[in-house]
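Structure at a glance
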Amino acid sequence: MVTLADVAQHAGVSASTVSYVLSGKRTISAVTKQRVERSIKELGYHPNAGARALASSRSNIIALMMPLRTDMYVPVMMEIAIAVATNAREHGFDVLMLTGEEGPAAVRRVVGSGLADAVILMDVELNDARLPLLRESGRPAVLIGLPAQTTGFTCVDLDFSEAGSLCAEHLAELGHREIAVIGEAPAVYERKTGFAERTIQGLRTRARQLGLRVLHRPCEGTYAAMAGALGQIFTERPGITGFVVQNEQAVEPLLSLLRQDRRAVPEDISVVAVCPEQVALQGSVRLTSVAIPAREMARHAVDHLIAKIERDADDEVFLLRPELVVRASSGPAPVGG
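Presented here is an overview of the structure given in this document. This is a predicted model, so every value here is computed, not measured.

So, on to the overall build of the protein. Per the secondary structure count, the protein includes 14 helices and twelve strands. Buried residues in the protein amount to 49% of all 337 residues. Here the protein displays about 15900 Å² of accessible surface, and carbon together with sulfur accounts for 50% of that area. Here the protein contributes 35 positively and 39 negatively charged side chains, and the mean placements of these two sets differ by 3 Å.

And the structure:
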């Protein structure tokens, strides 16, 4: 393994000079700095993480708090996590993932240990119990999600309220007057998870303005749960001709059950989804959808966090604009529907 002393000998300088180049704690002439950096590159030297942390008061680690819950669609969470790690690495940071459902305890552990320079929070709830501790810590942080109160935080998210509104507008423009929303699992709403609450809020608000009747049913997403929910929906509102789905696992069971019930998509029933693009494209019917831009959300979160670490950014709410893409699953409301 190449050592700091090896770099010093190769560059023809003292070991302390190499250390100062790495830490930036003393001014070194441009010529000497370039010579040291060239030696580091040629020898493939990687500073010891612990020594680097002591020298710079930084660990160059970002803590990513991402509870992996059974009621959430894990592929989206992992896509965001991978994109966070990839973008962080481009800035010279590594990512420590905390996947347990520890809540405030995880914040205490990260802040108390000094293990991470900054924090990215996912699965944000409207009244998230982790936020007061994070605010008090003064640790640079970015939320991927939107709590009820954003003061003192930088938040990055898709504008889920507008996403819900776009779904209602699209179905209204096609002549639908009664629609059902197949939502996330009940526990997601019990926790008041931000993205789910904001989607249904935005949809309901726009639906009222457009004169649409809306029936919202949370669903576990299994075939059996979807069958039960669909039966209740058509019993309560037999005139429903449009569905909005915000539950990736429920998409294919819904399409299958509609076929079994001899309800054609989109001739009899229109289906619009808020989901990752791959889910919309890989189903038995290509879905009209509002995509969840996981990688873009992650990139903006990391960029904002690095700016906060460098003390070059104020708190802000950054919402990505949603876009509805029309595909094969939505069409005009049936005559008499």
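Quick look at the sheet that holds strand E10 (residues 288-291) now. Overall, mixed pairing links the six strands, which are arranged E7-E6-E8-E9-E10-E12 in an open sheet. Looking along the sheet, the strands with just one partner apiece sit at the ends: strand E7 (213-218) and strand E12 (324-325). As defined by bridge partners, strand E9 (residues 270-275) adjoins E10 across four bridges and the pair is classed as parallel. Of the residues in E10, the one forming a bridge with Val274 is Val290. Its contacts with the sheet place helix H11 (residues 223-236) against strand E6 (178-183), E7 and strand E8 (242-245), and it is angled at close to 155° to E7.

For the rest of this paragraph, the subject is the nonpolar core. Among the nonpolar cores identified, the biggest contains 53 residues, and Ile80, Val84, Ile120, Ile144 and Leu203 are the most heavily contacted of them. Broken down by element, this core gets its largest block of residues, eight residues, from helix H14 (residues 294-309). Residues Ala229, Phe234, Leu254 and Leu258 belong to the second largest nonpolar core, which totals 27 residues.

Turning our attention to the pairing of strand E2 (residues 94-98). Relative to E2, strand E1 (residues 61-65) is paired through five bridges, and the arrangement is parallel. Following the sheet pairing, Ile62 is matched in E2 by Val95. Between the parallel pair E1 and E2, the chain is carried across by helix H5 (residues 74-90), and the sense of this crossover is right-handed.

Below, the discussion takes up unusual backbone geometry. Cis geometry is adopted by the peptide bond preceding Pro266, which originates at Val265 and carries an omega value of 10°. A positive phi angle is found at Asn60, which is not glycine, with a value near 55°. Its place among the elements puts Asn60 in the loop between helix H4 (49-56) and E1. Located in the positive-phi region is Lys192, a residue other than glycine, with phi close to 55°.

Right, let's talk about the pattern of salt bridges for a bit. For the structure on display, the rule yields 15 salt bridges. The shortest N-O distance in the salt bridge between Arg89 and Asp94 comes to 2.7 Å. Owing to a relative accessible area of 38%, Asp94 belongs among the partly exposed residues under this scheme. Residues Arg109 and Glu102 are paired through a salt bridge, measuring 2.6 Å at the closest nitrogen-oxygen approach. The class of Glu102 is partly exposed, set by a relative accessible area of 32%.

Turning next to the pairing of E6. The buried fraction of E6 is high, at six of six residues. Burial of E6 is two-sided: the residues Glu178, Ala180 and Ile182 facing one way and the residues Ile179, Val181 and Gly183 facing the other way are all buried. The sheet contact formed by E6 and E7 spans six bridges and is parallel. Bridged to Ala180 within E7 is Leu215. In the sheet, E6 pairs with E8 via four bridges, with the strands oriented parallel. Among the inter-strand pairings, Ile182 is bridged to a residue of E8, identified as Val245.

With that out of the way, let us pick up the side chain of Ser165. Locating Ser165 in the fold gives a position in helix H8 (residues 160-173). For Ser165, the contacting residues outside a window of four places in its chain are Gly202, Leu203 and Arg206.

Our next topic: the packing of aromatic side chains. Across all of its chains, the model carries two aromatic pairs by this definition. Ring geometry for Phe234 versus Phe243: centroids 5.9 Å apart, planes at 75°, classification edge-to-face. Exposure class is identical for Phe234 and Phe243. Each is buried. The aromatic ring of Phe234 is capped on one face by Arg263, whose charged end is 3.7 Å from the ring centroid.

Conventions used here
Residues numbered from 1 in each chain as written. Predicted model: local features only at pLDDT ≥ 70, side-chain atom pairs only at ≥ 80, totals over all residues. Heavy atoms only, no water. Helix = DSSP H or I, 4+ residues; strand = E, 2+ residues; numbered from the N terminus. Buried < 20%, exposed > 50% of the residue type's maximum accessible area, 1.4 Å probe, protein only. Areas by Shrake-Rupley, 256 points an atom, 1.4 Å probe, with all protein chains shown as cover. Lys, Arg positive; Asp, Glu negative; His and termini not counted. Charge placed at Lys NZ, Arg CZ, Asp CG, Glu CD. Pairing = 2+ DSSP bridges. Contact = heavy atoms within 4.5 Å. Axes fitted to C-alpha atoms, helices over the stretch in contact; angles between N-to-C directions. Core = buried A, V, L, I, M, F, W, Y, C linked by side-chain atoms within 4.5 Å. Right-handed = clockwise from strand over helix to strand, strands pointing away. Salt bridge = Lys/Arg side-chain N within 4 Å of Asp/Glu carboxyl O. Phe/Tyr/Trp six-rings, centres within 6.5 Å; stacked < 30°, edge-to-face > 60°. Lys NZ or Arg CZ within 6 Å of the ring centre and 35° of its normal.

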